[in-house]
Amino acid sequence: MCPKLTGMTNIPAELAYTAEHEWVQDLNDDSTFKVGITDHAQSELGEVVFVQLPEVGDSVTAGDVVGEIESTKSVSDLFAPVSGEIVSVNDELSDTPGLLNDAPYEAGWLFTVRVESQDATADLLDAQAYQQLLD
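Residues numbered from 1 in each chain as written. Predicted model: local features only at pLDDT ≥ 70, side-chain atom pairs only at ≥ 80, totals over all residues. Heavy atoms only, no water.

1. Quick word on the environment of Val89
Move 1: Along the chain, Val89 turns up in strand S8 (residues 84–89).
Move 2: Through-space distance from the C-alpha of Val89 to that of Val51 is 11 Å; in sequence the pair is 38 residues apart.
Move 3: Sequence-distant contacts of Val89, that is, excluding residues within four places in its chain, are made with Leu53, Pro54, Val56, Trp109, Leu110 and Phe111. (Helix = DSSP H or I, 4+ residues; strand = E, 2+ residues; numbered from the N terminus. Contact = heavy atoms within 4.5 Å.)

Structure follows, in structure tokens:
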């Protein structure tokens, strides 16, 4: 289980976050990051029924729409939290989109991206700042 800040929403302290309720995990190779949606996002969406992800090899720019998440409540855009190249996507989500609800920080990850610069995550929020955004 991921360490988390206290509160009602699971916010792992080791991740970075966006105001669009996505998380970013440094995979410790200096250039690749895993991306997903937060526990807060999945609870607001409700039951996820479809996920459209970017394609491997796509170049993405931070802030751009790169896909969408459809739930029983709504359809939400998926944004690139950092700029770079998509290097993998979570193919399991095409058959089991509910993984986003069941395990948003584990099996429900969305894609990995190889960033263009070392400071690619400089504009992201830490766990405490993300919690303040939710409060």
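2. A word on the confidence of the model for the protein
Any segment with low pLDDT has predicted coordinates that should not be analysed in fine detail.
Move 1: Considering every residue of the protein, the mean pLDDT works out to 91; 93% of them sit at 70 or more.
Move 2: Note on residues 1–7: pLDDT is under 50 here. Beyond four places in sequence and across chains, it has 18 contacts. (pLDDT = per-residue confidence, 0-100.)

3. Comments concerning the pairing of strand S3 (residues 32–37)
Move 1: Where burial is concerned, most of S3 is hidden: five out of the six residues are buried.
Move 2: Judged from the five bridges that link them, strand S2 (residues 22–26) and S3 form a sheet pairing that is antiparallel. Across the sheet, Trp23 pairs through a bridge with Gly36, a residue of S3. (Buried < 20%, exposed > 50% of the residue type's maximum accessible area, 1.4 Å probe, protein only. Pairing = 2+ DSSP bridges.)

4. Some points on the nonpolar core
A general feature of soluble globular proteins is that nonpolar side chains tend to end up buried together.
Move 1: Counting residues in each nonpolar core, the largest one holds 26 residues, and the members touching the most others are Val51, Ile69, Leu100, Leu110, Phe111 and Val113.
Move 2: Among the secondary structure elements, those contributing two or more residues to this core are S3, helix H1 (39–45), strand S4 (48–52), strand S6 (65–71), S8, helix H3 (99–102) and strand S9 (111–115).
Move 3: The contacts of Val51, once residues within four sequence positions are left out, are Glu68, Ile69, Leu93, Pro97, Leu100 and Leu110.
Move 4: Counting eight residues, the second-largest nonpolar core is a separate cluster that includes Ile11, Leu15, Tyr105 and Trp109. (Core = buried A, V, L, I, M, F, W, Y, C linked by side-chain atoms within 4.5 Å.)

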